[in-house]
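What follows is the residue order along each chain.
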Amino acid sequence: MKNQIQELRKIQGFSQEELAKRCSVTRQTINAIENNKYDPTLALAFKLSKNLNVKVDELFIFEEESK
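Residues numbered from 1 in each chain as written. Predicted model: local features only at pLDDT ≥ 70, side-chain atom pairs only at ≥ 80, totals over all residues. Heavy atoms only, no water.

Quick word on the overall build of the protein chain
Keep this limit in mind: For helices the rule is a DSSP run of H or I covering at least 4 residues; for strands it is a run of E covering at least 2, with both sets numbered from the N terminus onward. We take the radius of gyration over the C-alpha atoms and set the globule estimate at 2.2 Å times the residue count to the 0.38 power.
A count of helical and extended segments in the protein chain gives five helices and two strands. For the protein chain, the N- to C-terminal ordering of α and β elements is β-α-α-α-α-α-β. In terms of C-alpha radius of gyration, the protein chain reaches 11 Å, essentially the compact-globule figure of 11 Å for 67 residues. For the protein chain, the spread of C-alpha atoms along the principal axes amounts to about 40 × 20 × 20 Å.

Have a look at this one:
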């Protein structure tokens, strides 16, 4: 699942480290999410959306997998 986290984080002026602290995760977790290597839990998705001041559905871009 692709996301807009890196773009929104930069607009807000947060480093990966600062966003990670605000969401109670590691910087590596934020990096992995931004690089589409890890899909966050629903709870973390809500924390990210709250800290980036957007709705959850504005953070993530759903792409159906081709069969």
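Some points on unusual backbone geometry
Stated precisely, the cut-off is as follows: Accessibility here uses a 1.4 Å probe with only protein chains present; expressed as a share of the type maximum, an area under 20% marks a residue as buried, one over 50% as exposed, and anything in between as partly exposed.
Unlike most non-glycine residues, Ser24 shows phi in positive territory, near 60°. Within the secondary structure layout, Ser24 lies in the loop between helix H2 (16–23) and helix H3 (27–34). The class for Ser24 is exposed, based on a relative accessible area of 60%. A positive phi angle, close to 55°, is found at Asn36, a residue other than glycine. Along the chain, Asn36 falls in the loop between H3 and helix H4 (42–51). A relative accessible area of 40% places Asn36 in the partly exposed class.

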